[in-house]
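What follows is the residue order along each chain.
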Amino acid sequence: MKEFNKKILVIDIGGSNVKILATGQPERIKIPSGSDFSPEQMVPLVKEHASEWEYDAITIGFPGVVKHNKIINEPVNMGSGWTNFDFQAAFNCPIKIINDAAMQALGSFEGKKLLFLGLGTGLGTSIVINKTIIPIEGGHLPYKKSTFESYIGKPYLFNNGQKRWEKHVFKTIEIFADAFQPEDIVLGGGNSKLLTEVPEGCRLGTNQNAFKGGFRLWEDDYYV
């Protein structure tokens, strides 16, 4: 464990909301996002809502591919301009960027090989084993006539109802568990609370784990 004294602001970016929390603060703040939401819109809103908080560094959980602290692809469920945006210059402090599902997975990690499935606007997927975080774009893998995310994401739930959505969630858990052989499965994201039962070998996470992961990323030596 590294000696660590910084105060961290965690920004958890989602297709419906951006959620922020800083070290020592009791309550997160939610900022509406949406299909056209851009980093140019986000930065001033975050600064405004966090104006009374102290922080020395920032963790950003981003809903897309992140490699070596850089956003690789534009998000599926938001606007454009994310890949080339200079967050460090915009916020004028050190920044760590991580896939949002990987951040929540890190916050959920309890030592066993973990598979995280985030049931939100889309489907976030990640694995944590030892101190290595492995983001996987599992939501975009082929499933039935489209992708897993097409049957697990918020639009399918809204258009087809909870019962049909839950059936696909259970099948997705079964397929991913067979493929990755985890010792622990965490079901997170805002829609996990809609499940009528929690499958054997799984446990429900909480969105608070995203913030825990964002803080933890600065506190110890995790390989992303």
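Residues numbered from 1 in each chain as written. Predicted model: local features only at pLDDT ≥ 70, side-chain atom pairs only at ≥ 80, totals over all residues. Heavy atoms only, no water.

*Asks:* How should the packing of aromatic side chains be read in this particular structure?
*Replies:* For any two aromatic rings, the description comes down to two numbers: the centre-to-centre distance and the angle of the planes. A complete count under the given rule lists nine aromatic pairs for this structure. Their ring planes at 15 degrees and their centres at 4.6 Å tell us that Tyr-143 and Phe-148 sit as a pair that is stacked. For the pair Tyr-143 and Phe-148, one class covers both residues: buried. Relative to Phe-176, the ring of Phe-148 has its centre 5.0 Å away and its plane inclined at 80 degrees; by these criteria the two rings are edge-to-face. Here Phe-148, found in helix 4 (residues 148-152), pairs with Phe-176, found in helix 6 (residues 162-180); they are 28 residues apart in sequence, far enough to count as distant. Relative accessible area serves as the criterion here: at 2%, Phe-176 is assigned to the buried category. Through a chain of ring-to-ring contacts, three or more aromatic side chains come together here, namely Tyr-143, Phe-148, Tyr-151, Tyr-156, Phe-176 and Phe-180. The side chain of Lys-96 reaches across the aromatic face of Trp-218, ending 4.5 Å from its centre. (Phe/Tyr/Trp six-rings, centres within 6.5 Å; stacked < 30°, edge-to-face > 60°. Buried < 20%, exposed > 50% of the residue type's maximum accessible area, 1.4 Å probe, protein only. Helix = DSSP H or I, 4+ residues; strand = E, 2+ residues; numbered from the N terminus. Lys NZ or Arg CZ within 6 Å of the ring centre and 35° of its normal.)

*Asks:* What's the story with unusual backbone geometry in this structure? I'm lost.
*Replies:* The bulk of non-glycine residues show a negative phi, and the bulk of peptide bonds are trans. Of note, the phi angle at Asn-69 is positive, near 70 degrees, even though the residue is not glycine. The backbone of Asn-92 shows a phi angle near 60 degrees, a positive value even though the residue is not glycine. Positionally, Asn-92 belongs in the loop between helix 2 (87-91) and strand 7 (95-99). We classify Asn-92 as exposed; its relative accessible area is 69%.

*Asks:* Where do I start with the side chain of Asp-12 in this structure?
*Replies:* By the element assignment, Asp-12 lies in strand 1 (residues 8-13). Nearest to the buried, unbridged Asp-12 among oppositely charged side chains is Lys-19, at 4.2 Å. (Lys, Arg positive; Asp, Glu negative; His and termini not counted. Salt bridge = Lys/Arg side-chain N within 4 Å of Asp/Glu carboxyl O.)

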